[in-house]
Amino acid sequence: MGTLALAAKITHVPSMYLSELPGNRQGTRQDAIDGHREIGRRCRELGVDTLVVFDTHWLVNAGYHLNCAPRWAGTYTSNELPHFISNMAYAFNGNPGLGRLLAQACNAQGVQTLAHDATTLQPEYGTLVPMRYMNADEHFRVVSVSALCTSHYLNDSARLGWAMREAVEKHYDGTVAFFASGSLSHRFAQNGLAPEYAFKIWSPFLGRLDHQVVEMWKSGEWSDFCAMLPEYASKGHGEGFMHDTAMLLGALGWSAYDGRAEVVTPYFAASGTGQINAVFPVTPQDGTAVPPPEASRAAGFKSSARL
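Residues numbered from 1 in each chain as written. Predicted model: local features only at pLDDT ≥ 70, side-chain atom pairs only at ≥ 80, totals over all residues. Heavy atoms only, no water.

**Student:** Describe the environment of Glu-221, and please don't skip the residues or the numbers.
**Tutor:** Turning to its location among the elements, Glu-221 is positioned in the loop between α6 (204-219) and α7 (222-235). Taking relative accessible area as the criterion, Glu-221 reaches 33% and is therefore assigned partly exposed. Placed 34 residues apart in sequence, Glu-221 and Ser-255 show a C-alpha to C-alpha distance of 8.5 Å. Each residue touching Glu-221, except ones within four places of it in the same chain, is listed here: Glu-215 and Met-216. Engagement of the side chain of Glu-221 in a polar contact is seen with the side chain of Ser-219, the distance being 2.7 Å. (Helix = DSSP H or I, 4+ residues; strand = E, 2+ residues; numbered from the N terminus. Buried < 20%, exposed > 50% of the residue type's maximum accessible area, 1.4 Å probe, protein only. Contact = heavy atoms within 4.5 Å. Polar contact = N/O pair within 3.5 Å; in protein donor to acceptor, adjacent residues only side chain to side chain.)

If you want it as structure tokens, here you go:
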């Protein structure tokens, strides 16, 4: 019997790395870095051994995927923003056993998922940036989950989150944290305007929308939020189509979740996008409100899961 001890929605803005370096951006994202360190501190206090990161920078076009290699180490430069993250060193250990267990549970609940433990695949910066600040001493093992899902149902992502929680609580001998690594609204500033929008949201509409969502999280309006999530993901330009958020809410019980979000790093704007670090208390749930999978019930679906 394992424990899901902590769940959080976290930022991974590359300007956090810039904030470390000499120059005019130095120190400007210290609040976000401090938020990561605080979440990492809480995980240590709770006895967490593995961090499972729903990474909205890992793009996949078919199936759900887990990177659970035994070890990662290297030097990373972002292909998206090489002037923000360049030559960033990283090193931490994976958890192949937990990764395989999570994938098995997802497949058993009708969500086609593959675990990759014997792989040269390296994590994306939705995992690497948080680990830089939460896991600099390699205290935690890590499993990275694809969450930039281009052809997937949000309901499948919610079901995946719940299946992973059940895998931890019923079959894992340890303590785990789940992180949804992604922004709220994710409308980047138009090319040429990025410097002007370094600390601004792209539009008043998106800013108001994000702030209202944060208030819903803080007041526990989960039924309304889950109902509006598909439209919010679309009209609010949600990062990764907000599959990371669906995964996190699925793990927490979806519309039946009865916790209230605690904001660790207050909402802030970065390059036009809306960001936050917020902890979601894990409460007892039976999963009955979590939607069933959709893809495995579609006409013509054939399971090809292989572990």
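Now that the structure has been shown, we can carry on.
**Student:** Now, about the pattern of salt bridges: what can you tell me, with residues and values included?
**Tutor:** Applying the stated criterion to the full structure yields 15 salt bridges. Here Arg-44 makes a salt bridge to Asp-137, at a shortest N to O gap of 2.9 Å. One end of the pair, Arg-44, is in helix α2 (residues 30-45); the other, Asp-137, is in the loop between α4 (125-134) and β7 (141-149), and 93 residues separate them in sequence. Classification of Asp-137 as exposed rests on a relative accessible area of 51%. Close ionic contact of Arg-141 with Asp-49 constitutes a salt bridge, the shortest N to O distance being 3.8 Å. Linking Arg-141 in strand β7 with Asp-49 in the loop between α2 and β2 (50-60), this pair joins segments that are 92 residues apart in sequence. Several salt bridges share partner residues, and in doing so they unite Glu-38, Arg-41, Arg-42, Glu-45 and Glu-262 into one network. (Salt bridge = Lys/Arg side-chain N within 4 Å of Asp/Glu carboxyl O.)

**Student:** Which residues make up the nonpolar core, and what values go with them?
**Tutor:** With 63 residues, the main nonpolar core has Val-52, Leu-98, Leu-102, Met-164, Phe-178, Trp-217 and Phe-280 as its most contacted residues. The greatest single-element share of this core, amounting to eight residues, is contributed by helix α5 (residues 154-171). Setting aside chain neighbours within four positions, we find Leu-98 in contact with Thr-50, Val-52, Val-143, Val-168, Tyr-172 and Val-176. The next biggest cluster of nonpolar side chains, apart from the first, holds 36 residues, and it includes Ile-10, Trp-72, Tyr-125 and Met-134. (Core = buried A, V, L, I, M, F, W, Y, C linked by side-chain atoms within 4.5 Å.)

**Student:** Tell me about the confidence of the model for the chain, residues and numbers included.
**Tutor:** Summing up the model confidence of the chain, the mean pLDDT is 96 and the portion of residues at 70 or higher is 98%. When mean pLDDT is taken per element in the chain, strand β8 (residues 175-181) scores highest with 99 and helix α1 (residues 15-18) scores lowest with 96. (pLDDT = per-residue confidence, 0-100.)

**Student:** Which residues make up the pairing of strand β1 (residues 3-10), and what are the values?
**Tutor:** Residues in a regular strand point their side chains to alternate faces of the sheet. Along β1, six of the eight residues are buried, which leaves the element largely enclosed by surrounding structure. Across seven bridges, β1 lies against β8 in parallel orientation. Among the inter-strand pairings, Lys-9 is bridged to a residue of β8, identified as Ala-180. Both β1 and strand β10 (residues 273-280) contribute to a ladder of three bridges, which runs antiparallel. (Pairing = 2+ DSSP bridges.)

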